[in-house]
Amino acid sequence: MYIFKAGVVGAGAMGAEIAQVISYSGLPVVLKDVDQRMLDKGLAHIREIYQRRVDKGKMSASDMDSKVSLITPTLTYDDFGDVDLVIEAVPEQMTIKRAVLAELARVLPESAIVASNTSALSISEMGAAFGRPSKMVGMHFFNPASVMKLVEVIPGLDTSQETVDDVVAFAESLRKLPVVVKECPGFLVNRLLMPYLNEAVLALESGAASAAEIDQRMQAWGWPMGPFLLMDMLGLDVCAHVGQYLESEYGERMKGARLFPLLLQAGRLGEKSGAGFFGYGGETDEPVKKMIADLQASGQVTPDPGGFSEDRLVLPLINEAALCLQENIASPGDIDMAMVAGSGMTYQGERMGPLAVADTLGLDVVLEKLEGLHKTYGERFRPARYLKMKVRAGHLGKKTGRGFHEYSA
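In this report, the structure presented in the accompanying data block is examined. (Residues numbered from 1 in each chain as written. Predicted model: local features only at pLDDT ≥ 70, side-chain atom pairs only at ≥ 80, totals over all residues. Heavy atoms only, no water.)

1. So, the overall build of the chain
The cut-off we apply is this: Secondary structure counts use DSSP, requiring at least four H or I residues in a row for a helix and at least two E residues in a row for a strand, with both numbered from the N terminus. As a reference, a globule follows 2.2 Å times the number of residues to the power 0.38, and the radius of gyration itself is taken over C-alpha atoms. To sort residues, take the accessible area from a 1.4 Å probe on protein chains only and compare it with the maximum for the residue type: under 20% means buried, over 50% means exposed, and anything in between is partly exposed. Contacts were defined at the residue level, with two residues in contact if any of their heavy atoms lie within 4.5 Å. In short, Shrake-Rupley with a 1.4 Å probe defines the accessible areas, and a residue's cover is counted only from the protein chains shown. As used throughout, the charge tally considers Lys and Arg to be positive and Asp and Glu to be negative, leaving His and the chain termini uncounted. For charged residues, the charge sits on one atom: NZ in Lys, CZ in Arg, CG in Asp, CD in Glu.
Tallying secondary structure elements over the chain gives 17 helices and 10 strands in all. Relative to the globule expectation of 22 Å for 409 residues, the C-alpha radius of gyration of the chain, 22 Å, shows essentially globular dimensions. For the chain, the spread of C-alpha atoms along the principal axes amounts to about 60 × 55 × 45 Å. Split into buried and exposed, the 409 residues of the chain put 54% on the buried side. When contacts within the chain are restricted to residue pairs at least 6 apart in sequence, long-range pairs at least 24 apart make up 68% of them. Summing over all exposed atoms, the chain offers an accessible surface of approximately 17300 Å²; the carbon and sulfur share of this is 52%. Between the averaged position of the 41 positive side-chain charges in the chain and that of its 52 negative side-chain charges there is a distance of 3 Å.

What follows is the structure in C-alpha cells.
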C-alpha cells in the first residue's frame, strides 16, 4: 500500500521530529495533540530544524515554507478520515496509548496502519487495544529523528506481513534505515544499551570511578560520548522508566542502580532540567557525590575497590546481543547495524557493532571475562548459553574464521 497521507499523534519532541521527517519527504502530515501549547511548541521546533538547513545553505526559505505547509496542526481527529498511516508518539504509558488507539479505531479508515513509536512497550498488547491487530506495528524512531537514520520496525503477534512490508517501504521513503525486530521488551537497541548504561551507574555509585572518568574512558574505547553525558541528554526520567520496565520483564540481570530514583526525586533529569549526573549552567555534581556517599555509608551499596574496567560496561552489552541471537530477535548483521546506526558505536577506529567486537576480541576471551565478572558481581554477568555453545564448537571469531559472523580466509 502506498502512503499518500500520514498522521502523527503527540506533538512532543519525538512527535514533532517525526512530523518534520515526513514533511521533508514531501508527504502531507496531520500533527495532533490535546494541548494547543504543545502544538505551537512542536511547530516551532519543526521550523527550527528547517531553519538550520536554510542557514547552512541546504534549503531556500521558500522551500522551508513549502515543507512546513505540508503539516496540518490540529486538536481534533477531523483530518484523520483519509490518512493511510498514523504514528502514535504519546507518552510511554500503556494506559495513555490504549486510550489513543481506541480513539483512532473510531476515526481511521479500515485500511489504515497504526505504528507506535514506543521504545519498549508491547506491540501485541497495543494491537489488541486497537482492535485491528494485523494493522498494528512498532515503528521506533531514534532521537533526534531528524538526524538519526535507524528505525526499528516491530511486528506484533498478529501483525500482517503486508503491514510490515508497507512500513519498511515507508521508512525507506523517509531515507531511514529500517531494521525488522522480533517483539521483546526494549526491542533491540534499548535492550542492548540499558545494561551498558545501568552498569555505568552501578560502577559510579560503588566508587569504581567518577562519572567524568568513566565517560572519558568509554569515549576513548570508541563511543561518540560517554554513558553519563548520553543519559543526561536522553533524560534520566526516560532512562529510569525504560530501565524499570526492562527489570520487570527480564528480572535480576536488568536490576536498576539505586542512584536512579534518588536523582529523579531530586529533580535531576539531565540537561533539560539543568542537572543530572553532571551540573549545567550554575549547577554542579556535588549533590550526586553526596548521594553516592550516603548510599555507601548506609550499606545499600558496597564500595568497589577494584577500579574501573571498560569490560564491565561493554561485556553485558555483548552478552545481551548474544541473548538476542539466541531468541531470534534479529540477525547478526542487523544487530550490529542497528547498534552502529542507533548509538554510533565504534571500536579500534571502525564502525563496529557488539557481535563484530566480540569476534575481534575472540569469543573465548569474551566468555572467560564474563565468567570472571559473574563470580565478582553476580547474575547480571551470567554468560548467554549461545555464547557458550559457540565457544564449545570452536567458533571463536576472526581468528578461526567463524564466530557470530563468518570471515573469509
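2. Comments concerning the pairing of strand E2 (residues 29–32)
We apply this condition: When DSSP finds two or more bridges between two strands, those strands count as paired. A clockwise path from the first strand over the helix to the second, with the strands pointing away from the viewer, defines a right-handed crossover.
Residues Val29 and Leu31 point to one face of E2 and Val30 and Lys32 to the other, with burial holding for every one of them. As paired elements, strand E1 (residues 6–9) and E2 share 4 bridges and run parallel to each other. Its bridge partner being in E2, Ala6 is matched across the sheet by Val29. Handedness of the crossover joining E1 and E2 through helix H1 (residues 13–24): right-handed.

3. Brief notes about the pattern of salt bridges
Heads up, the rule is: The salt bridge criterion pairs a side-chain nitrogen of Lys or Arg with a carboxyl oxygen of Asp or Glu, the two atoms within 4 Å.
Scanning the entire structure with this criterion turns up 24 salt bridges. The salt bridge involving Lys5 is made with Asp82; its shortest N-O contact spans 2.7 Å. Of this pair, Lys5 sits in the segment before E1 while Asp82 sits in the loop between strand E3 (71–74) and strand E4 (85–88), and the two are 77 residues apart along the sequence. Under the relative-accessibility criterion, Lys5 is labelled buried at 17%. With its nearest N and O atoms 3.9 Å apart, the salt bridge here joins Lys289 to Asp285. Asp285 gets classed as partly exposed once you look at its relative accessible area, which sits at 24%.

4. So, the packing of helix H14 (residues 332–343) against helix H15 (residues 354–361)
We count it as follows: An axis is simply a line fitted to the C-alpha atoms; with a helix, the fit covers only the stretch in contact. Between two such axes, the angle follows the N-to-C directions and lies from 0 to 180 degrees. Each angle gets one of four labels, with under 35 degrees taken as roughly parallel, over 145 as roughly antiparallel, 65 to 115 as roughly perpendicular, and the rest as oblique. The residue classification treats Ala, Val, Leu, Ile, Met, Phe, Trp, Tyr, Cys and Pro as nonpolar and Asp, Glu, Lys and Arg as charged. All others, Gly included, are polar.
Packing of H14 against H15 brings their axes to within 7 Å, and their N-to-C directions diverge by 105 degrees. By the criterion of interaxial angle, the relationship of H14 to H15 is roughly perpendicular. Touching Pro332, Ile335, Asp336 and Met339 of H14 are Pro354, Leu355 and Ala356, all from H15. For the contact of H14 with H15, a count of residues per class yields 6 nonpolar, no polar and 1 charged.

5. Focus on unusual backbone geometry
Glycine aside, a negative phi is what most residues show, and trans is what most peptide bonds show. Following Asn143, the chain continues into Pro144 via a peptide bond in cis, with omega recorded as 0 degrees. Relative to the helices and strands, Pro144 resides in the loop between strand E6 (136–141) and strand E7 (150–155). Despite not being glycine, Arg175 has its phi angle at roughly 65 degrees, a positive value. Residue position: Arg175 is located in the loop between helix H6 (161–173) and strand E8 (177–180). The phi dihedral of Phe187 is positive, around 55 degrees, even though this residue is not glycine. With respect to the helices and strands, Phe187 occurs in the loop between E8 and helix H7 (189–205). Taking the relative accessible area as the measure of exposure, Phe187 reaches 0% and is therefore buried.

6. Brief notes about the sheet that holds E8
Pairing is mixed across the open sheet formed by 8 strands, whose spatial order is E3-E2-E1-E4-E5-E6-E7-E8. Each edge of the open sheet is held by one strand with a lone partner, namely E3 and E8. This sheet shows a mean twist of 25 degrees between the axes of neighbouring strands, independent of strand direction.

7. Quick notes on the packing of aromatic side chains
How two aromatic rings sit relative to each other is given by the distance of their centres and the angle of their planes. Selection rule: Side-chain rings of Phe, Tyr and Trp, where Trp is taken by its six-membered ring, are said to pair if the distance between their centres is within 6.5 Å; with planes under 30 degrees apart they count as stacked, over 60 as edge-to-face, and otherwise as tilted.
As enumerated under the stated definition, the model contains 10 aromatic pairs in all. With a centroid separation of 6.4 Å and 40 degrees between ring planes, the pair formed by Tyr24 and Tyr50 is classed as tilted. Taken as a pair, Tyr24 in helix H1 and Tyr50 in helix H2 (residues 36–55) lie far apart in primary sequence, 26 residues in all. Taking the relative accessible area as the measure of exposure, Tyr24 reaches 25% and is therefore partly exposed. Residue Tyr50 is classed as buried on the basis of its relative accessible area of 0%. Between Tyr77 and Phe80, the aromatic rings sit 5.3 Å apart at their centres with planes inclined by 75 degrees, giving edge-to-face as the arrangement. For the pair shown, Tyr77 and Phe80 are each scored as buried.

8. Focus on the environment of Leu197
Tracing the backbone through its elements, the reader meets Leu197 in helix H7. Non-local contacts of Leu197, meaning those with residues more than four positions away in its chain, are made with Pro227, Leu230 and Met231.

9. Description of the packing of helix H13 (residues 311–326) against H15
We count it as follows: Should the near helix be turned counterclockwise from the far one by less than a right angle, the crossing is left-handed, whereas a clockwise turn marks it as right-handed.
It is the contact of H13 with H15, at a shortest axis distance of 9 Å, that shows an interaxial angle of 110 degrees. Classified by the interaxial angle, the pair formed by H13 and H15 is roughly perpendicular. Here H13 runs over H15; the crossing is left-handed. From H13, Leu317, Ile318, Ala321, Ala322 and Leu325 reach across to H15, where they touch Pro354, Leu355, Val357, Ala358 and Leu361.

10. Digging into the pairing of E6
Counted residue by residue, E6 has 6 buried out of 6 residues, so it is predominantly covered. The alternating pattern of E6 places Met136, Gly138 and His140 and Val137, Met139 and Phe141 on opposite faces, both of which are buried. Direction of pairing for strand E5 (residues 113–116) relative to E6: parallel, over a ladder of 3 bridges. Bridge pairing in E6 links Ala115 to Val137. In this fold, E5 hands off to helix H5 (residues 123–130), which returns the chain to E6; that crossover is right-handed. Here E6 pairs with E7 via 5 bridges, running antiparallel. Bridging from a neighbouring strand, Phe141 pairs with Val151 of E7.

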